[in-house]
Amino acid sequence: MLELRSVYYRYPGYARQVLLDVNLRLDDGQIVGLVGPNEAGKSTLCLVASGLAPASVGGVLGGEVLVDGTVMAGLPTHELATRVGIVFQNPNTQRSGVSGTVFEEIALGPVNLGLPVGETVERTRWAMATLRIEALADRNPMRLSGGQAQLVAIASILAMRPRHLVLDEPTAQLDPEGSRLVGDALRALAGTGTALLIAEHKVDLLDTICDRLIVIDAGRIVLDDRAPAAFESPVLEAAGVEAPSRIRLGRALAARGITIPEGALA
Amino acid sequence: MSGAPGSAGDGPPVIRCEGLVHVYPGGVRAVDGVDLEIRAGERVAIIGQNGSGKTSLVLHWNGLLRPTEGLVLIDGADAAERRVAQLARTVGIEFQDPDRQIFAGRCRTEVAFGARNAGLRGGALEAAVDGALEAVGLTDAADTNPYDLGYSRRKLLALAGILAMGTPVVVLDEPTTGQDARGVARIQQVVADLADAGRTVVTISHDMRFVAETFDRVVVMGTGKVLLDGTSAQVFAEAAWPTLHSTFLEPPVASRVGARLRVGSTPTESALVDVLTGRT
């Protein structure tokens, strides 16, 4: 379980608080979606929830972030890294730069966890198979397309099987099938008890995988509710976030008095 | 299937690829025999799975990549005989990753860089920069450091830098990545304004709804080849779905609903609502 208790945060050198009184709980085995307009604080919340801010990024944190009941601020970086994983928006931020092949890049996480060779290889193969990137195994990680690099970044984290995982727009550069595979993989990970927080603009994807939805606007959480009901909330539109296609289309048709067979929008 | 009927596709060809092949060092055959013609004023979206060669294809248009085989003609002239700086006056490319593009300490300086290289000076340069910042909604951030902006606004800044160059052809590589609904609407407006000004707009995108709503013509790529080329109604029609699936794509939600209701190819939500309204 990952918990934020009345968290405030500001970046080093800035007076402005980017997160304001954020309370949030990620339960084991649950996927929580995080949406909000540009610059609402989604990426910052990801950095704080994963412990990278303030530990690595600097800045000033108010309130508490707890991982399985332990205050994060007291944990050494190497221990924190084994408890909470993060996938960044830009895969280039994540690439280790030391691996010659995609296989080595993905195996790096399990190796750093000190896992035996057999398990490292097994997990690496599993992560690649899950995202169907086996064909990239021998490729140079520096010479991938944007979407391929993103899949490799996600596979690298999957192979570590973190208990808690924070993802900042993990599918931004992926083709529709790739997005779906990532969604399936995250659902499977949640099935093993991992708690996940996913910041995404693709509400249709969140609509299919989330247990709960959080809306953040100007640094504050303005909605925290169970899915799928949360996707119907007027709070989304007020914050400049679109409802999923099925809901938007349903409303557009209803406004014109058109009824269509149930399930046609699912 | 060819260019969209009734769209602004009857201008002279601005981009022409003939048997274009690109093999990267190491042997990856990213572009594998592409024949493609884009006419002045067209709005073209290139879609296809990750690694299908979309970005590699467009990088030939401003000379950042050179063909392994085949020919690239820009405004009718062989690109091989022109330098990157010359080609960049015709084709402006917004990169997928804005941080590959941004380097200046002020947004205004960043946006002015490409325009200055394109030969603009004095009042014309100022006007181009102001216009581009306004188009992407960053007028207020003109004197800010680009790295104080979040990712979504850095993407818009990179777009402004390309707009200010005033190139006849504008290429947007994944422009909607990281944008909220308002950001996507802003980009759609930018594309419409460019088209109204007679400029050619090409995008690479995985956002099928954005593609269907904003572009006249859709080119589908898979493993370095062009698989489909037509209007969004043609490319997203049910008959084409097996081809789309073969390159990891899915039709927009409106297409799927339209097919389920058997009302024909409705790639946009407005097309779907229109056809259903006509029936009731």
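All values derive from a computational prediction rather than experimental measurement. (Residues numbered from 1 in each chain as written. Chains lettered and ligands numbered in written order. Predicted model: local features only at pLDDT ≥ 70, side-chain atom pairs only at ≥ 80, totals over all residues.)

**Q** Mind showing me how you'd approach the overall build of chain A here?
**A** Each helix and strand in chain A was counted, giving 11 helices and 10 strands. The globule rule puts the C-alpha radius of gyration for 266 residues at 18 Å, and the 19 Å found for chain A is close to it. Considering only C-alpha atoms, chain A reaches an extent of 60 × 45 × 30 Å along its principal axes. Here chain A holds 266 residues, and the buried ones make up 48% of them. A fraction of 64% describes how many contacts in chain A between residues 6 or more apart in sequence connect residues 24 or more apart. (Helix = DSSP H or I, 4+ residues; strand = E, 2+ residues; numbered from the N terminus. Rg over C-alpha atoms; globule rule 2.2 N^0.38 Å. Buried ≥ 20, exposed ≤ 12 C-beta atoms within 10 Å, placed from the backbone. Contact = placed C-beta atoms within 7 Å.)

**Q** I keep staring at the sheet that holds strand 3 (residues 31-35) of chain A and nothing clicks. Help me out?
**A** Note: strands within a sheet are paired through backbone hydrogen bonds, in either parallel or antiparallel orientation. Residue and element names in this part refer to chain A. Here six strands make up an open sheet; going across it, the order is 6-7-8-3-9-10 and the pairing mixed. Whereas interior strands pair on both sides, the edge strands pair on one side only; in this sheet they are strand 6 (84-87) and strand 10 (220-226). Taken pair by pair, the neighbouring strands of this sheet meet at an average axis angle of 15°, ignoring direction. Two strands pair when backbone bridges link them, and strand 9 (residues 212-217) and strand 10 are joined in this way by six bridges, in the antiparallel orientation. Across the sheet, residue Ile 214 finds its bridge partner in strand 10, namely Asp 224. (Pairing = 2+ DSSP bridges. Axes fitted to C-alpha atoms, helices over the stretch in contact; angles between N-to-C directions.)

**Q** Explanation requested: the packing of helix 5 (residues 102-112) of chain A against helix 7 (residues 146-158) of chain A in the structure shown.
**A** A packed helix pair is summarised by two numbers, namely the angle formed by the two axes and the spacing between the axes. All names here are of chain A. Packing of helix 5 against helix 7 leaves a shortest axis separation of 7 Å and a crossing angle of 35°. In the crossing of helix 5 with helix 7, the sense of the turn from one axis to the other is right-handed. Seen from helix 5, the contacting residues are Val 102, Glu 105, Ile 106, Leu 108 and Gly 109; seen from helix 7, they are Val 152, Ala 155, Ser 156 and Ile 157. Classifying every residue of the contact of helix 5 with helix 7 by side-chain character gives six nonpolar, two polar and one charged. (Left-handed = near helix turned anticlockwise from the far one by under 90°. Nonpolar A, V, L, I, M, F, W, Y, C, P; charged D, E, K, R; others polar.)

**Q** Where do I start with the interface of chain B and chain A in this structure?
**A** Quoted interface sizes are often the accessible area lost when the parts come together. At the junction of the two partners, chain B supplies 35 residues and chain A supplies 36 residues. Contributions of two or more residues to the side of chain B that touches chain A are made by helix 5 (151-164), helix 6 (181-196), helix 10 (253-260) and helix 11 (269-279) of chain B. Partitioning the side of chain B that touches chain A into residue classes produces 12 nonpolar, 15 polar and eight charged.

**Q** Explain the packing of helix 7 of chain A against helix 8 (residues 176-191) of chain A to me, please; I cannot follow it from the model alone.
**A** Residue and element names in this part refer to chain A. It is at 12 Å that the axes of helix 7 and helix 8 come closest, and there the two elements cross at 5°. What the angle tells us is that helix 7 and helix 8 run roughly parallel. Of helix 8, the residues touching helix 7 (which contributes Gly 147, Leu 151, Ile 154 and Leu 158) are Gly 178, Val 182, Ala 185 and Leu 189. Counted by class, the contact of helix 7 with helix 8 contains six nonpolar, two polar and no charged residues. (Parallel < 35°, antiparallel > 145°, perpendicular 65-115°, else oblique.)

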